[in-house]
Amino acid sequence: KVERCILEDPSRRSERNLESLDQLVTKKLDKVAREAKDALGPNWLAILLLRSRKLLWSGGKTAFLEAPRPRLAVRVMADAAGAFLAKELLKEANALETELDKEREREKERLEKERLEREVVERTEREQRDKRDRERLDRELKERGERIERERERRERAERENAEREHQRLDRERIERDRDRERE
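Residues numbered from 1 in each chain as written. Predicted model: local features only at pLDDT ≥ 70, side-chain atom pairs only at ≥ 80, totals over all residues. Heavy atoms only, no water.

1. Digging into the overall build of the protein
For the protein, the helix and strand inventory stands at 6 helices and 3 strands. Starting at the N terminus and walking to the C terminus, you meet the elements of the protein as α-β-α-α-α-β-β-α-α. For the protein, with 184 residues in total, the buried portion stands at 15%. Put simply, of all contacts in the protein between residues at least 6 apart along the chain, 44% involve residues at least 24 apart. Surface accessibility of the protein: about 15,300 Å² in total, with carbon and sulfur atoms responsible for 50%. (Helix = DSSP H or I, 4+ residues; strand = E, 2+ residues; numbered from the N terminus. Buried < 20%, exposed > 50% of the residue type's maximum accessible area, 1.4 Å probe, protein only. Contact = heavy atoms within 4.5 Å. Areas by Shrake-Rupley, 256 points an atom, 1.4 Å probe, with all protein chains shown as cover.)

Shown next as structure tokens:
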């Protein structure tokens, strides 16, 4: 819970002062912090940081928001103190470097796999969105075509009715004229 609280903090920086971490955890996880202080004493946060797999603390006043890398630390120490170490220890440290390279390669492959999976998911979602958009546009075009066709049919019907009324009017006028002529 403490790791999660620290890592989810919105003001997350790559390194944090222990006092500010203590205040953050105490503020957000008051009950957990009190229980930890009661159980572990005043250095409760340092004790938890030593056991953390997600936060790095080397005993100073600063903790780093990254996973500890003990193999790298041994390799760096071996490089710095190589002249003072026995050949067997240097050989073991060099073997760690090979293991570290393998770990890096596995991590790189894992990240690449995750990236590709995200791309597939994003592409699938984009294709589904595009398909829905095409279907929506097709429906709109069909509806628009149907409206245009109904409007054309309405106009033709109105024109036929107008023509019929005009024809009937002209027939009535002709009949009237014919009657008028007969009377004359």
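2. Looking at a nonpolar patch on the surface
A grouping of Leu 40, Ile 47 and Leu 48 is seen on the molecular surface, where their side chains present a nonpolar patch of about 200 Å² in accessible area. For Leu 40, the location among the structural elements is in helix α3 (residues 30-40). Looking at Leu 40, the relative accessible area reads 36%, which means it is partly exposed. (Patch = residues over 30% accessible without salt bridge, like charges linked within 9 Å, V, L, I, M, F, W, Y side chains within 5 Å. Salt bridge = Lys/Arg side-chain N within 4 Å of Asp/Glu carboxyl O.)

3. Let's talk about the packing of helix α2 (residues 18-28) against helix α4 (residues 44-51)
Remark: α2 packs on α4, axes separated minimally by 10 Å, with the N-to-C direction vectors making an angle of 95°. Between α2 and α4, the angle is such that the two are roughly perpendicular. Residues Leu 18, Leu 21, Asp 22, Val 25 and Thr 26 of α2 lie in contact with α4, whose contacting residues are Trp 44, Leu 45 and Leu 49. For the contact of α2 with α4, a count of residues per class yields 6 nonpolar, 1 polar and 1 charged. (Axes fitted to C-alpha atoms, helices over the stretch in contact; angles between N-to-C directions. Parallel < 35°, antiparallel > 145°, perpendicular 65-115°, else oblique. Nonpolar A, V, L, I, M, F, W, Y, C, P; charged D, E, K, R; others polar.)

4. Topic: the nonpolar core
Core analysis: the largest hydrophobic core is formed by 18 residues, its most contacted members being Ile 6, Leu 18, Val 25, Trp 44, Leu 45 and Leu 49. Secondary-structure elements contributing two or more residues to this core are α1 (2-7), α2, α3 and α4. Leu 49 has contacts with Leu 18, Leu 55, Trp 57 and Ala 63, leaving out every residue within four places of it along the chain. (Core = buried A, V, L, I, M, F, W, Y, C linked by side-chain atoms within 4.5 Å.)

5. Concerning the sheet that holds strand β1 (residues 15-17)
As summarised here, the arrangement of the 3 strands in space is β1-β3-β2, forming an open sheet in which the pairing is antiparallel. A single partner strand is all that each edge strand has here, and the edge strands are β1 and β2 (56-57). Pairing analysis gives 3 bridges linking β1 to strand β3 (residues 62-64), with the strands arranged antiparallel. Directly across from Glu 15, in β3, lies its bridge partner Phe 64. Across the sheet, α2 is in contact with β1, β2 and β3; its angle to β1 comes to roughly 80°. (Pairing = 2+ DSSP bridges.)

6. Observations regarding the confidence of the model for the protein
Model confidence for the protein is summarised by a mean pLDDT of 83, while 84% of its residues fall at 70 or above. Of all helices and strands in the protein, the one with the weakest mean pLDDT is helix α5 (residues 70-80) (67), whereas helix α6 (residues 87-183) scores best (89). (pLDDT = per-residue confidence, 0-100.)

7. Some remarks on α4
Each α-helix winds once per 3.6 residues, and so residues spaced three or four apart point in a common direction. All buried positions along α4 are accounted for by Trp 44, Leu 45, Ala 46 and Leu 49. On its buried face, α4 sits against α1, α2, α3, β2 and β3.

8. As for a positive patch on the surface
A contiguous patch of positive charge on the surface is contributed by Lys 1, Arg 4, Lys 31 and Lys 54. As for its placement among the helices and strands, Lys 1 is situated in the segment before α1. (Lys, Arg positive; Asp, Glu negative; His and termini not counted. Charge placed at Lys NZ, Arg CZ, Asp CG, Glu CD.)

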